[in-house]
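Each chain, letter by letter, is given below.
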Amino acid sequence: MIGFEVLAGGLLTTIQDLGRQGYTHLGITNSGAIDEYAYRWSQKLLDNHEGNALEILLGGLKLRATAGATLAVCGANLDFRINDKKQPIWQTHHINKGDIISFHQQSEGLRAYLAVKGGFKVEKVHGSYAATIKEGIGQKLSKGDFLAFVPTQTKETRHVPEKFISKYPKHLTLNILLSYQHDFFSDEQKEKFFSTDYELTPQISRMGYKLKGKAMIPSKGGIISEGITFGAVQIPQDGQPIILLKERQTIGGYPKIGSVLPSDCFKLAQLPIGSMVRFREINIEDAEKEMKGFYDFFKS
(Lines give C-alpha, C1' and ligand atoms only; values in the text may rest on other atoms or scores of the structure.)
Protein backbone atom coordinates (compact mmCIF):
# COMPACT_ATOMS: atom_id res chain seq x y z
CA MET A 1 0.00 0.00 0.00
CA ILE A 2 1.28 3.43 -0.95
CA GLY A 3 0.61 6.40 1.31
CA PHE A 4 0.87 7.40 4.97
CA GLU A 5 0.47 5.12 7.96
CA VAL A 6 -1.12 7.12 10.78
CA LEU A 7 0.98 6.63 13.92
CA ALA A 8 -0.95 9.30 15.88
CA GLY A 9 -4.01 11.22 14.75
CA GLY A 10 -3.51 14.37 16.81
CA LEU A 11 -6.22 16.38 18.53
CA LEU A 12 -8.38 16.79 15.41
CA THR A 13 -7.08 15.99 11.95
CA THR A 14 -9.51 15.71 9.03
CA ILE A 15 -9.40 15.68 5.25
CA GLN A 16 -10.76 18.90 3.77
CA ASP A 17 -11.15 20.57 0.40
CA LEU A 18 -13.15 23.67 -0.54
CA GLY A 19 -16.36 22.11 0.74
CA ARG A 20 -19.56 20.77 -0.79
CA GLN A 21 -22.13 22.96 -2.47
CA GLY A 22 -25.81 22.49 -3.17
CA TYR A 23 -26.86 20.33 -0.22
CA THR A 24 -27.91 22.84 2.44
CA HIS A 25 -31.57 22.20 1.59
CA LEU A 26 -30.95 18.68 2.92
CA GLY A 27 -29.42 20.01 6.13
CA ILE A 28 -25.87 19.21 5.01
CA THR A 29 -23.47 22.06 5.69
CA ASN A 30 -20.71 23.17 3.30
CA SER A 31 -17.78 22.20 5.56
CA GLY A 32 -14.35 22.48 3.87
CA ALA A 33 -11.06 24.08 4.92
CA ILE A 34 -11.76 26.67 7.60
CA ASP A 35 -8.71 28.72 6.58
CA GLU A 36 -9.02 28.76 2.81
CA TYR A 37 -6.03 31.04 2.42
CA ALA A 38 -3.53 28.55 3.88
CA TYR A 39 -5.35 25.64 2.23
CA ARG A 40 -5.29 27.26 -1.22
CA TRP A 41 -1.57 27.96 -0.91
CA SER A 42 -0.93 24.29 -0.08
CA GLN A 43 -2.66 23.38 -3.35
CA LYS A 44 -1.05 26.17 -5.40
CA LEU A 45 2.46 25.11 -4.37
CA LEU A 46 1.77 21.59 -5.68
CA ASP A 47 -0.28 22.55 -8.76
CA ASN A 48 -3.18 20.50 -7.38
CA HIS A 49 -6.24 21.57 -9.38
CA GLU A 50 -8.81 19.47 -7.55
CA GLY A 51 -7.04 18.31 -4.45
CA ASN A 52 -7.51 17.99 -0.72
CA ALA A 53 -5.41 18.34 2.40
CA LEU A 54 -5.20 17.35 6.03
CA GLU A 55 -6.42 20.09 8.34
CA ILE A 56 -4.43 19.69 11.57
CA LEU A 57 -5.62 21.36 14.77
CA LEU A 58 -2.90 22.16 17.33
CA GLY A 59 -0.56 19.35 16.29
CA GLY A 60 -0.06 15.82 17.56
CA LEU A 61 -0.20 14.22 14.09
CA LYS A 62 2.44 11.62 13.22
CA LEU A 63 2.69 9.79 9.90
CA ARG A 64 5.04 7.25 8.29
CA ALA A 65 5.47 7.34 4.49
CA THR A 66 5.46 4.05 2.61
CA ALA A 67 6.66 5.75 -0.60
CA GLY A 68 8.29 8.95 -1.75
CA ALA A 69 6.17 12.05 -2.33
CA THR A 70 6.20 15.82 -2.55
CA LEU A 71 4.16 17.60 0.08
CA ALA A 72 3.38 21.15 1.17
CA VAL A 73 2.64 22.54 4.62
CA CYS A 74 0.97 25.92 5.13
CA GLY A 75 -0.85 27.71 7.92
CA ALA A 76 -0.13 27.56 11.66
CA ASN A 77 3.31 26.89 13.06
CA LEU A 78 2.82 23.49 14.71
CA ASP A 79 6.51 22.57 14.91
CA PHE A 80 6.51 20.55 11.68
CA ARG A 81 9.25 17.94 11.48
CA ILE A 82 10.59 15.28 9.11
CA ASN A 83 12.43 12.47 10.91
CA ASP A 84 12.31 14.63 14.05
CA LYS A 85 14.17 17.49 12.34
CA LYS A 86 12.33 20.81 12.42
CA GLN A 87 11.32 22.04 8.95
CA PRO A 88 10.13 25.36 7.51
CA ILE A 89 6.50 25.73 6.44
CA TRP A 90 4.80 27.61 3.58
CA GLN A 91 6.86 25.55 1.13
CA THR A 92 7.16 22.11 -0.45
CA HIS A 93 9.23 19.20 0.86
CA HIS A 94 10.36 15.94 -0.72
CA ILE A 95 10.07 12.81 1.40
CA ASN A 96 11.18 9.22 0.95
CA LYS A 97 9.89 5.80 1.93
CA GLY A 98 10.11 5.36 5.70
CA ASP A 99 10.23 9.07 6.55
CA ILE A 100 8.31 10.16 9.65
CA ILE A 101 6.20 13.32 9.35
CA SER A 102 5.11 14.93 12.63
CA PHE A 103 3.54 18.05 14.10
CA HIS A 104 4.22 18.98 17.70
CA GLN A 105 3.55 22.01 19.91
CA GLN A 106 1.58 24.97 18.53
CA SER A 107 3.36 28.34 18.65
CA GLU A 108 1.44 30.53 16.18
CA GLY A 109 -2.01 29.97 14.70
CA LEU A 110 -4.24 26.95 15.29
CA ARG A 111 -4.55 25.02 12.05
CA ALA A 112 -1.98 23.78 9.53
CA TYR A 113 -2.63 22.14 6.16
CA LEU A 114 -0.64 19.19 4.84
CA ALA A 115 -1.17 18.41 1.16
CA VAL A 116 0.52 15.89 -1.15
CA LYS A 117 1.00 16.29 -4.87
CA GLY A 118 -1.97 14.68 -6.58
CA GLY A 119 -4.04 14.64 -3.37
CA PHE A 120 -5.05 11.88 -0.99
CA LYS A 121 -6.99 9.05 -2.61
CA VAL A 122 -10.29 9.05 -0.73
CA GLU A 123 -13.87 8.84 -1.92
CA LYS A 124 -15.97 11.94 -2.40
CA VAL A 125 -19.28 12.23 -0.56
CA HIS A 126 -21.87 14.50 -2.21
CA GLY A 127 -19.18 15.86 -4.53
CA SER A 128 -16.59 16.73 -1.90
CA TYR A 129 -13.76 15.18 0.10
CA ALA A 130 -14.56 17.39 3.11
CA ALA A 131 -15.18 15.68 6.43
CA THR A 132 -18.03 16.90 8.64
CA ILE A 133 -17.85 14.83 11.80
CA LYS A 134 -21.14 15.99 13.32
CA GLU A 135 -22.99 14.88 10.18
CA GLY A 136 -21.25 11.52 9.96
CA ILE A 137 -19.36 12.43 6.78
CA GLY A 138 -15.73 11.37 6.93
CA GLN A 139 -13.88 10.96 10.19
CA LYS A 140 -11.02 12.36 12.20
CA LEU A 141 -7.72 10.53 11.78
CA SER A 142 -6.79 7.91 14.36
CA LYS A 143 -3.80 5.68 14.98
CA GLY A 144 -3.89 2.75 12.56
CA ASP A 145 -5.59 4.62 9.72
CA PHE A 146 -4.02 4.69 6.27
CA LEU A 147 -4.00 7.59 3.80
CA ALA A 148 -3.33 6.50 0.23
CA PHE A 149 -1.67 8.75 -2.35
CA VAL A 150 -0.02 8.34 -5.76
CA PRO A 151 3.79 8.40 -5.34
CA THR A 152 4.75 11.61 -7.11
CA GLN A 153 7.92 13.59 -6.56
CA THR A 154 9.13 16.79 -8.15
CA LYS A 155 12.70 18.06 -8.09
CA GLU A 156 11.83 21.72 -7.51
CA THR A 157 11.28 23.10 -4.00
CA ARG A 158 8.68 25.85 -4.10
CA HIS A 159 8.10 28.57 -1.49
CA VAL A 160 5.32 31.03 -0.74
CA PRO A 161 6.82 34.52 -1.18
CA GLU A 162 7.49 36.16 2.18
CA LYS A 163 4.96 38.95 1.57
CA PHE A 164 2.15 36.39 1.21
CA ILE A 165 2.92 34.38 4.37
CA SER A 166 0.18 34.85 6.97
CA LYS A 167 0.88 36.38 10.36
CA TYR A 168 -1.45 35.54 13.22
CA PRO A 169 -1.81 38.49 15.61
CA LYS A 170 -3.81 38.16 18.84
CA HIS A 171 -5.98 41.17 17.96
CA LEU A 172 -7.92 41.24 14.69
CA THR A 173 -10.30 43.70 13.05
CA LEU A 174 -13.07 41.97 11.11
CA ASN A 175 -14.83 43.63 8.17
CA ILE A 176 -18.58 43.07 8.36
CA LEU A 177 -21.32 43.70 5.84
CA LEU A 178 -24.54 44.66 7.64
CA SER A 179 -27.48 42.36 6.96
CA TYR A 180 -31.08 43.23 6.21
CA GLN A 181 -31.75 42.51 9.90
CA HIS A 182 -29.46 45.26 11.16
CA ASP A 183 -32.60 47.36 11.74
CA PHE A 184 -33.37 45.00 14.61
CA PHE A 185 -30.63 46.92 16.46
CA SER A 186 -30.85 50.56 17.49
CA ASP A 187 -28.17 53.07 16.54
CA GLU A 188 -26.99 52.94 20.16
CA GLN A 189 -26.64 49.14 19.99
CA LYS A 190 -24.77 49.30 16.69
CA GLU A 191 -22.42 51.95 18.05
CA LYS A 192 -21.70 49.66 21.00
CA PHE A 193 -21.11 46.73 18.64
CA PHE A 194 -18.55 48.62 16.55
CA SER A 195 -16.72 50.11 19.55
CA THR A 196 -16.35 46.92 21.61
CA ASP A 197 -13.31 44.66 21.77
CA TYR A 198 -14.70 41.13 21.95
CA GLU A 199 -12.80 38.23 23.47
CA LEU A 200 -12.77 34.74 21.95
CA THR A 201 -14.27 32.35 24.48
CA PRO A 202 -13.44 28.62 24.85
CA GLN A 203 -16.54 27.97 22.71
CA ILE A 204 -14.68 27.98 19.40
CA SER A 205 -14.89 25.24 16.77
CA ARG A 206 -15.27 24.65 13.06
CA MET A 207 -18.96 25.43 13.56
CA GLY A 208 -18.42 28.93 14.92
CA TYR A 209 -16.72 31.27 17.39
CA LYS A 210 -18.56 32.57 20.45
CA LEU A 211 -17.46 36.03 21.60
CA LYS A 212 -17.60 37.80 24.96
CA GLY A 213 -18.03 41.54 25.43
CA LYS A 214 -20.73 44.16 25.80
CA ALA A 215 -24.08 42.45 25.25
CA MET A 216 -26.16 43.39 22.22
CA ILE A 217 -29.90 43.82 22.75
CA PRO A 218 -32.00 43.40 19.58
CA SER A 219 -35.55 44.74 19.33
CA LYS A 220 -36.60 41.19 18.39
CA GLY A 221 -35.36 38.18 20.31
CA GLY A 222 -35.94 35.71 17.50
CA ILE A 223 -36.96 35.31 13.89
CA ILE A 224 -38.42 32.54 11.75
CA SER A 225 -35.57 30.12 11.09
CA GLU A 226 -33.81 30.79 7.80
CA GLY A 227 -30.65 29.89 5.93
CA ILE A 228 -27.30 31.00 7.37
CA THR A 229 -24.32 32.12 5.34
CA PHE A 230 -20.63 31.67 6.08
CA GLY A 231 -19.49 34.46 8.42
CA ALA A 232 -22.98 35.37 9.66
CA VAL A 233 -22.94 37.08 13.08
CA GLN A 234 -25.84 35.84 15.17
CA ILE A 235 -26.96 37.59 18.35
CA PRO A 236 -28.52 34.98 20.68
CA GLN A 237 -30.52 35.73 23.81
CA ASP A 238 -27.47 36.44 25.98
CA GLY A 239 -26.42 39.22 23.57
CA GLN A 240 -22.96 37.75 22.93
CA PRO A 241 -22.16 37.49 19.20
CA ILE A 242 -21.50 34.16 17.49
CA ILE A 243 -19.59 34.15 14.18
CA LEU A 244 -20.68 31.12 12.14
CA LEU A 245 -18.06 29.28 10.11
CA LYS A 246 -17.65 26.27 7.81
CA GLU A 247 -19.60 23.67 9.84
CA ARG A 248 -22.40 26.04 10.87
CA GLN A 249 -25.96 24.79 11.09
CA THR A 250 -27.83 25.34 7.82
CA ILE A 251 -30.73 27.30 9.38
CA GLY A 252 -31.14 29.40 12.52
CA GLY A 253 -33.59 31.66 14.29
CA TYR A 254 -31.44 34.32 15.97
CA PRO A 255 -31.19 37.85 14.49
CA LYS A 256 -28.05 38.44 12.43
CA ILE A 257 -26.49 41.90 12.50
CA GLY A 258 -24.33 41.14 9.47
CA SER A 259 -21.79 38.85 7.88
CA VAL A 260 -18.00 38.91 8.26
CA LEU A 261 -16.05 38.96 5.02
CA PRO A 262 -14.93 35.39 4.16
CA SER A 263 -11.27 36.41 3.87
CA ASP A 264 -11.44 37.72 7.46
CA CYS A 265 -13.13 34.51 8.63
CA PHE A 266 -10.10 32.61 7.35
CA LYS A 267 -7.87 34.76 9.60
CA LEU A 268 -10.28 34.41 12.52
CA ALA A 269 -10.04 30.61 12.31
CA GLN A 270 -6.37 30.83 13.31
CA LEU A 271 -6.96 32.85 16.52
CA PRO A 272 -6.66 31.05 19.87
CA ILE A 273 -8.94 31.39 22.89
CA GLY A 274 -8.50 34.75 24.62
CA SER A 275 -7.66 36.68 21.44
CA MET A 276 -9.52 39.93 20.81
CA VAL A 277 -11.55 41.01 17.79
CA ARG A 278 -13.53 44.09 16.87
CA PHE A 279 -15.78 44.85 13.92
CA ARG A 280 -15.58 47.43 11.13
CA GLU A 281 -18.40 48.04 8.67
CA ILE A 282 -17.67 47.52 4.98
CA ASN A 283 -19.93 48.36 2.04
CA ILE A 284 -21.01 45.90 -0.63
CA GLU A 285 -18.77 47.41 -3.34
CA ASP A 286 -15.61 47.10 -1.24
CA ALA A 287 -16.62 43.62 -0.07
CA GLU A 288 -17.07 42.42 -3.65
CA LYS A 289 -13.75 43.97 -4.70
CA GLU A 290 -11.91 42.31 -1.79
CA MET A 291 -13.32 38.85 -2.43
CA LYS A 292 -12.94 39.06 -6.21
CA GLY A 293 -9.27 39.93 -5.69
CA PHE A 294 -8.85 36.98 -3.31
CA TYR A 295 -10.32 34.39 -5.67
CA ASP A 296 -8.70 35.86 -8.80
CA PHE A 297 -5.30 35.61 -7.12
CA PHE A 298 -5.63 31.85 -6.67
CA LYS A 299 -6.93 31.32 -10.21
CA SER A 300 -3.66 32.59 -11.66
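Up top you'll find the structure we're talking about.
To keep things clear, this report deals only with the structure shown in the data block.

Rules used in this analysis
- Note that residues are indexed from 1 along each chain, following the sequence as it is written.
- Given that the model is predicted, a residue must reach a pLDDT of at least 70 before its local features are reported, and side-chain atom pairs must reach 80 or more before they are shown or counted; all residues, however, enter totals for whole chains, interfaces and linings.
- With hydrogens and water set aside, each side-chain value is computed from the structure's full complement of heavy atoms.
- Note on pairing: DSSP must find at least two bridges between two strands before they are called paired.
- Secondary structure counts use DSSP, requiring at least four H or I residues in a row for a helix and at least two E residues in a row for a strand, with both numbered from the N terminus.
- Every axis in this analysis is a line fitted to C-alpha atoms, fitted for helices over the stretch in contact. Angles between the N-to-C directions lie between 0 and 180 degrees.
- The contact criterion used throughout is that any non-hydrogen atoms of two residues lie within 4.5 Å.
- Should a side-chain nitrogen of Lys or Arg be within 4 Å of a carboxyl oxygen of Asp or Glu, the pair is scored as a salt bridge.
- Type-normalised accessible area, obtained with a 1.4 Å probe on protein chains alone, sets the label of each residue: buried when under 20%, exposed when over 50%, and partly exposed for intermediate values.
- Arc, as used here, means the arc of the directions from the helix axis to the C-beta atoms.
- Stacked, edge-to-face and tilted labels apply to pairs of Phe, Tyr and Trp rings (six-membered ring for Trp) whose centres lie within 6.5 Å, assigned for plane angles under 30 degrees, over 60, and everything in between, in that order.
- Under this definition, polar contacts are N or O atom pairs within 3.5 Å; protein pairs additionally need one hydrogen-donor-capable and one acceptor-capable atom, and for neighbouring residues in sequence, both atoms have to be side-chain atoms.

1. Brief notes about the sheet that holds strand β17 (residues 242–244)
One key point about sheets: their strands pair by backbone hydrogen bonds, in either a parallel or an antiparallel sense.
Line of reasoning, step 1. Taken in spatial order, the seven strands of this closed barrel run β12-β19-β16-β17-β14-β13-β20, and their pairing is mixed. For this sheet the average axis-to-axis angle between neighbouring strands, irrespective of direction, equals 40°.
Line of reasoning, step 2. Bridge count for strand β13 (residues 198–204) against strand β14 (residues 208–212) is three bridges, and the pairing is antiparallel. Of the residues in β14, the one forming a bridge with Ile204 is Tyr209.
Line of reasoning, step 3. Where helix α2 (residues 187–195) meets the sheet, its contacts fall on β12 (171–178), β13, β16 (232–234), β19 (256–260) and β20 (276–281), and the angle it forms with β20 comes to roughly 130°.

2. Details of the pattern of salt bridges
Line of reasoning, step 1. Under the criterion given, the structure shown has 17 salt bridges.
Line of reasoning, step 2. For Glu5, the salt bridge identified is with Arg64, shortest N-O distance 2.7 Å. Of the two residues, Glu5 is situated in strand β1 (residues 3–9) and Arg64 in strand β4 (residues 61–65); the sequence distance between them amounts to 59 residues.
Line of reasoning, step 3. On the accessibility criterion, Arg64 (33% relative accessible area) is partly exposed.
Line of reasoning, step 4. Ionic pairing is found between Glu55 and Arg111, a salt bridge with its closest N-O pair at 4.0 Å.

3. Quick look at α2
Line of reasoning, step 1. For α2, the complete set of buried residues consists of Gln189, Lys190 and Phe193. Buried residues along α2 cover an arc of 95° about the axis, so they all sit on one side. In α2, the exposed positions that point more than 90 degrees away from the buried face belong to Asp187, Glu188 and Glu191.
Line of reasoning, step 2. Close packing links the buried residues of α2 with β12, β13, β16, β19 and β20.

4. What to know about the pairing of strand β5 (residues 69–77)
Line of reasoning, step 1. With eight of nine residues buried, β5 is to be regarded as a mostly interior element.
Line of reasoning, step 2. Pairing of β5 with strand β10 (residues 108–116) involves six bridges; the strand directions are antiparallel. In the strand pairing of β10, Asn77 is matched with Glu108.

5. Some remarks on the packing of aromatic side chains
The geometry of an aromatic ring pair comes down to the distance between the two centres and the angle between the two planes.
Line of reasoning, step 1. Throughout the structure, instances matching the rule amount to 20 aromatic pairs.
Line of reasoning, step 2. Taking 6.1 Å as the distance between ring centres and 50° as the angle between the ring planes, the aromatic pair formed by Phe193 and Tyr198 counts as tilted.
Line of reasoning, step 3. Here the aromatic rings of Phe193 and Phe279 are separated by 4.4 Å at their centres, their planes lie at 20°, and the arrangement is stacked. Here Phe193 is found in helix α2, whereas its partner Phe279 is found in strand β20, with 86 residues between them in sequence.

6. As for the sheet that holds strand β6 (residues 80–82)
Line of reasoning, step 1. Reading across from one edge, β7-β6-β9-β4-β1-β11 is the order of the six strands in this open sheet, with antiparallel pairing throughout. Two strands lie at the open edges of the sheet, namely β7 (85–86) and β11 (146–148), each paired on one side alone.
Line of reasoning, step 2. One ladder, built from three bridges, connects β6 with strand β9 (residues 100–103); its direction is antiparallel. If you follow Ile82 over to β9, its bridge partner there is Ile101.

7. A short note on the environment of Arg20
Line of reasoning, step 1. Positionally, Arg20 belongs in the loop between β2 (12–16) and α1 (36–46).
Line of reasoning, step 2. Among residues more than four places away in sequence, those in contact with Arg20 are Ile28, Thr29, Asn30, Ser31, Val125, His126, Ser128, Tyr129, Ala130, Thr132 and Ile137.
Line of reasoning, step 3. A distance of 2.9 Å separates a polar atom in the side chain of Arg20 from the backbone oxygen of Ala130.

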